[in-house]
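Letter by letter, the chains look like this.
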Amino acid sequence: LQTMSGNEDDWLALKPQEPSPSQCCGSGCKPCIYDVYEKELAQWERAKAKQDKSLLMEKKEQSNNSVLNPDTFTAFNISSVEQLTEDTYQYKFELPGNSSLQLSLGQHIVLRGVVNGLEVQRAYTPISPGNAEGYFEVLIKCYEAGLMSQYIKTWKKGDTVFWRGPFGGFPYRPNKCGELLMLASGTGLAPMLPILQSITDDEEDETFVTLVGCFRTFDKIYLKPLLRDLARYWNVRIFYVLSQETSLEKLPWSYQENTYIGRLDEDLMKTIINSCRRKPFILICGSSTFTEDMNRYLKAAGIEENSCFVF
């Protein structure tokens, strides 16, 4: 017969671990990893009170059926790795059969990585259309000192990676906005692309789109061929703002007329807003500094807060 203390140790071993702050991606996911922990803890307390371990059996740590779920992590295999710039990569993940992630526009998914025994979670927005069949693609910038980046840099084709979601998103409806003004810095381009593609794929959707992509140099612009194709649509304009280029003359001539050298500042923001064909609704995605700056310039240009959405 088990002694009570031995039994107590057994229960302690089964108790869910409280997440560390590094495990929360800070993107306001519902449920957050802390919500999942609270739910599991309550389940553990109920089971312990009744001394019935079978009550814990429904706890699913992760699943291998390649169906995305907000509560548990699911395994996905990497089918290709493509380096886009010195620090940015495009990863393609397999989905079984012709299934799709079924994401709404601009929704993000959360990646789990383990670095030196520390679990880290970060949110990324797939750049593939939400209804893409058999695969999804994610654009990721790796930072020298980033914990998650150290993990991502080890990825190779065939590796298995764990995601959960989807979360967030921009509730887009065709023709609801006269014009969308998309302000994206670097990989902030990611949530804009599925929205832009859904507009160009829908002949009934006559929303104008002005996308402003902010990058350091011409070489750092991601996905140029895709952006070039999108800019050919009658209702799409794409501008580039390059903070570290010195002159337009160095750029291919096809980029010279829609590229600005320097930073996206208050004056340039006013120029772009004034060039919009209809009253714009603004989407912003970038670092927190970028977002703060954009909000300030938009306010100065007389744009109300309810006309903006931040990813």
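As the structure is a prediction and not an experimental result, all values here were calculated from the model. (Residues numbered from 1 in each chain as written. Predicted model: local features only at pLDDT ≥ 70, side-chain atom pairs only at ≥ 80, totals over all residues. Heavy atoms only, no water.)

## Notes on the sheet that holds strand β11 (residues 259–261)
Consider a sheet: its strands pair through backbone hydrogen bonds, and that pairing is either parallel or antiparallel.
Next, step 1: Taken together, the six strands give an open sheet; going across it, the order is β11-β10-β9-β8-β12-β13, and neighbouring strands pair in parallel fashion. Unpaired on one side and paired on the other, β11 and β13 (308–310) mark the two borders of the sheet. Adjacent strand axes in the sheet meet at a mean angle of 15°, parallel and antiparallel pairs treated alike.
Next, step 2: Pairing between strand β12 (residues 280–285) and β13: three bridges, direction parallel. (Pairing = 2+ DSSP bridges. Helix = DSSP H or I, 4+ residues; strand = E, 2+ residues; numbered from the N terminus. Axes fitted to C-alpha atoms, helices over the stretch in contact; angles between N-to-C directions.)

## Details of the UniProt feature "binding site: FAD" (unreviewed entry) in the chain
Next, step 1: Under the present numbering, the feature "binding site: FAD" (unreviewed entry) in UniProt falls on Arg-122, Tyr-124, Leu-139, Lys-141, Met-148 and Ser-149. The largest pairwise C-alpha distance within this set of annotated residues, which runs over 28 residues, is 13.9 Å, so the set is compact in three dimensions.
Next, step 2: If you trace the backbone, Lys-141 turns up in strand β6 (residues 135–141).
Next, step 3: If you trace the backbone, Met-148 turns up in helix α3 (residues 147–152).
Next, step 4: Among all residues touching Met-148, those that are not within four sequence positions of it are Leu-111, Arg-112, Gly-113, Val-120, Gln-121, Arg-122 and Tyr-124. (UniProt positions renumbered as here; feature names shortened; annotations may be inferred. Contact = heavy atoms within 4.5 Å.)

## Quick word on the packing of aromatic side chains
Next, step 1: Tallying each qualifying case throughout the model produces 18 aromatic pairs.
Next, step 2: The interplanar angle of 85° and the centroid separation of 5.9 Å between the aromatic rings of Phe-93 and Trp-155 together place this pair among those described as edge-to-face. Linking Phe-93 in strand β3 (residues 88–94) with Trp-155 in the loop between α3 and β7 (160–167), this pair joins segments that are 62 residues apart in sequence. The exposure classification of Phe-93 matches that of Trp-155, with both residues buried.
Next, step 3: Residues Phe-170 and Phe-281 carry aromatic rings whose centres are separated by 5.6 Å and whose planes lie at 25° to one another, so their mutual orientation is stacked. (Phe/Tyr/Trp six-rings, centres within 6.5 Å; stacked < 30°, edge-to-face > 60°. Buried < 20%, exposed > 50% of the residue type's maximum accessible area, 1.4 Å probe, protein only.)

## Section: empty space enclosed by the protein
Next, step 1: On inspection of all chains with the given rule, the structure shows two cavities of 30 Å³ or more.
Next, step 2: What the largest cavity holds in volume is close to 50 Å³.
Next, step 3: Lining the largest cavity, in full, are Leu-103, Ser-104, Leu-105, Gly-106, Gln-107, Thr-125, Pro-126, Ser-128, Gly-130 and Pro-194.
Next, step 4: Of the residues that constitute the lining of the largest cavity, the class distribution is four nonpolar, six polar and no charged.
Next, step 5: Estimates place the volume of the second largest cavity at around 40 Å³.
Next, step 6: Among the residues forming the lining of the second largest cavity, the class breakdown is eight nonpolar, two polar and no charged. (1 Å grid on protein atoms, 1.4 Å probe; cavity = no way out; pocket = protein on both sides within 12 Å on 5 of 7 lines; lining within 4 Å. Points joined across faces, edges and corners; volume = space filled by probe spheres on them. Nonpolar A, V, L, I, M, F, W, Y, C, P; charged D, E, K, R; others polar.)

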